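Architecture at a glance
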Amino acid sequence: MRRLSRKKALNFVKELDAFPKVPESYVETSATGGTVSLVAFTAMALLAFFEFFVYRDTWMKYEYEVDKDFSSKLRINIDITVAMRCQFVGADVLDLAETMVASDGLQYEPVRSISLSPQQRLWHRTLLLVQNRLREEHSLQDVIFKSVMKGGPTALPPREDDPTQPLNACRIHGHLYVNKVAGNFHITVGKAIPHPRGHAHLAALVSHETYNFSHRIDHLSFGEEIPGILNPLDGTEKVCTDHNQMFQYFITIVPTKLETYKVSADTHQYSVTERERVINHAAGSHGVSGIFMKYDVSSLRVLVTEQHMPLWQFLVRLCGIIGGIFSTTGMLHGLVGFCVDVVCCRFKLGVYKPKGVGGLSLGNSDLQLPP
């Protein structure tokens, strides 16, 4: 009884076989079928090879949400060289609430000039080329995000100064912590002093003939510094055409959460609009000579996440490639064979061409009947 039940179960399972086996004696092979199979296998191998590279690649996914963090401080990272002596200039921040932020984190380093050495000039030109490409090809930013922390040099190489030259320029570098509200970071004539209604600069003791706000921005970023990330103002260089000249940068800061397979950081991206003009009160162009960076913080937060194709999706796509090519080539081969058979049958070609039987002619003139 057990053997009988097992045999019935086995027969039942055999009836459910969706892949019946055909004996080889009933299978007919052909040269065209072999050619089509060779083409199909080649296409499968190539597409599977390319699909593997797609599986290994990653892409950046951008999501947006409301920034709910208003209590934390915003870090400003600064590295600017101005063509004036350090005792003649002062840098500080005044936010929207007219609160003067302490600039203790900034260092004033006397340097020879704002001009660059040959090695630094080569680096600066390369940086400007990359910046121009980033403005044209926005997708390159994804490459930069994925390549952070690889040790790419993003800082100005050290230079060899001539000790005989005077220290006529000032490098202002360091960082500041400000409130996450709109503010104004500026570098102007004279050191900043507190004031009941804000602040003021001691500019009366500096001659107008010494005003020269030609400058180079080696680095300006907001938030956590991430090696390998380029910012819009990095490498910006401006030359004054007049002593009383104002340079303005209007900056919109966007909080950004960066999540890649190499780094996870809270940083900030920003966009910038530039403007410069000569101060001439007689012509109606009022203001103060200096470098002014007016920034505002966006209420939206960008989440940048590096995505990768899951393994199950890769296997599904691979099965689709193999099954799709196999089925498509089989249908095309059958359709082409059917069309060839129809044409050959219609015009009596190939195997459909009529042949004589045993070399006998069935003409009426050669056929004689017995009397």
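Refer to the structure presented above.
This one's a predicted model, so the numbers in the text were calculated from it and none came from an experiment.

Moving on to the overall build of the chain. Tallying secondary structure elements over the chain gives 5 helices and 15 strands in all. Each of the 371 residues in the chain was classed as buried or not, and the buried ones make up 33%. If you sum the accessible surface of the chain, you get close to 24,400 Å²; carbon and sulfur atoms cover 61% of it.

The next subject is the pattern of salt bridges. Summed over the entire model, instances satisfying the criterion amount to 13 salt bridges. Taking the shortest distance from any N to any O, the salt bridge between Arg-171 and Asp-79 comes out at 2.9 Å. Here Arg-171, found in strand β6 (residues 169–179), pairs with Asp-79, found in strand β2 (residues 73–82); they are 92 residues apart in sequence, far enough to count as distant. Judged by relative accessible area, which is 26%, Arg-171 ranks as partly exposed. If you follow the salt bridges from partner to partner, you end up with Glu-65, Lys-257, Glu-259, Asp-266 and Arg-301 in one network.

On to a nonpolar patch on the surface, then. A cluster of nonpolar side chains, namely Leu-46, Leu-47, Phe-49, Phe-50, Phe-52 and Phe-53, defines an oily patch on the protein surface of about 600 Å² accessible area. Note on placement: Phe-49 falls in helix α2 (residues 31–56). Looking at Phe-49, the relative accessible area reads 46%, which means it is partly exposed.

Looking at the element boundaries, Ser-289 is found in the loop between β13 (264–278) and β14 (290–297). For Ser-289 and His-208, which are 81 residues apart along the polypeptide, the C-alpha to C-alpha distance reads 9.8 Å. Beyond its immediate chain neighbours, meaning those up to four positions away, Ser-289 contacts Thr-188, Val-189, Tyr-211, Phe-213, His-243, Asn-244, Gln-245 and Ile-279.

Moving on to the state of the cysteines. Tallied over the entire structure, the rule returns 1 disulfide. The disulfide that involves Cys-86 links it to Cys-170, with 2.2 Å between the sulfurs. One disulfide, between Cys-86 and Cys-170, carries an S-S torsion of 105 degrees and so falls in the right-handed class. One end of the pair, Cys-86, is in the loop between β2 and β3 (89–95); the other, Cys-170, is in strand β6, with 84 residues separating them in the sequence. What makes Cys-86 buried here is its relative accessible area of 10%. Given the relative accessible area of 0%, Cys-170 is considered buried.

Before going further, it helps to spend a moment on the pairing of strand β15 (residues 300–308). Relative to β15, strand β1 (residues 58–66) runs antiparallel, the two being bridged by 9 bridges. Across the sheet, Tyr-62 pairs through a bridge with Val-304, a residue of β15. Judged from the 4 bridges that link them, strand β12 (residues 245–259) and β15 form a sheet pairing that is parallel. Its bridge partner lying in β15, Lys-257 is registered against Leu-303.

Turning next to the side chain of Thr-188. Tracing the backbone shows Thr-188 in strand β7 (residues 183–189). The class of Thr-188 is buried, set by a relative accessible area of 5%. Here the side chain of Thr-188 touches Ser-289 through a polar contact of 2.7 Å, landing on its backbone oxygen. Ignoring sequence-local partners within four residues, the contact set of Thr-188 consists of Phe-88, Val-89, Gly-90, His-201, Phe-213, Val-288, Ser-289 and Gly-290.

Turning our attention to the nonpolar core. One finds Phe-185, Ile-187, Phe-213, Leu-220, Ile-251 and Met-293 to be the most contacted residues of the largest nonpolar core, which totals 36 residues. Sorting elements by how many residues they give to this core places β2 first, with 5 residues. Sequence-distant contacts of Phe-213, that is, excluding residues within four places in its chain, are made with Val-82, Met-84, Val-89, Ile-187, Thr-188, Val-189, Cys-240, Gln-245, Phe-247, Ser-289, Gly-290 and Ile-291. Listed in part, the 8 residues of the second largest apolar core include Ile-226, Leu-258, Val-263 and Val-304.

We now examine the pairing of β6. Pairing of β2 with β6, which is carried by 10 bridges, proceeds in the antiparallel orientation. Its bridge partner being in β6, Arg-75 is matched across the sheet by Tyr-177.

The rules behind these values
- Sequence order sets the numbering: in each chain, residues are counted from 1 along the sequence as written.
- With pLDDT at 70 or above as the cut-off, local features in this predicted model cover only qualifying residues; side-chain atom pairs require 80 or more to be listed or tallied, and sums for whole chains, interfaces and linings still use all residues.
- The basis for the side-chain values is all heavy atoms of the structure; hydrogens and waters are excluded.
- Numbering of helices and strands runs from the N terminus; a helix is a DSSP stretch of H or I covering at least four residues, while a strand is a stretch of E covering at least two.
- Only protein chains enter the calculation, and the probe is 1.4 Å; a residue is then buried if its accessible area is under 20% of its type maximum, exposed if over 50%, and partly exposed in between.
- Accessibility throughout is a Shrake-Rupley quantity obtained with a 1.4 Å probe, and a residue counts as covered only by protein chains that appear here.
- Note on definitions: salt bridges are taken to be side-chain nitrogens of Lys or Arg within 4 Å of carboxyl oxygens of Asp or Glu.
- Distance thresholds for patches are 9 Å for like charges and 5 Å for nonpolar side chains (Val, Leu, Ile, Met, Phe, Trp, Tyr), applied to residues having over 30% relative accessible area and no salt bridge.
- Note on definitions: a residue-residue contact is assigned when non-hydrogen atoms from the two residues lie within 4.5 Å.
- The criterion for a disulfide is a pair of cysteine sulfur atoms lying within 2.5 Å.
- Two strands are counted as paired when DSSP detects at least two bridges linking them.
- What qualifies as a polar contact is a pair of N or O atoms within 3.5 Å, subject to a donor-acceptor requirement within protein and to the restriction that residues adjacent in sequence count only when both atoms come from side chains.
- Here, nonpolar core refers to any group of buried Ala, Val, Leu, Ile, Met, Phe, Trp, Tyr and Cys residues whose side-chain atoms link them within 4.5 Å.

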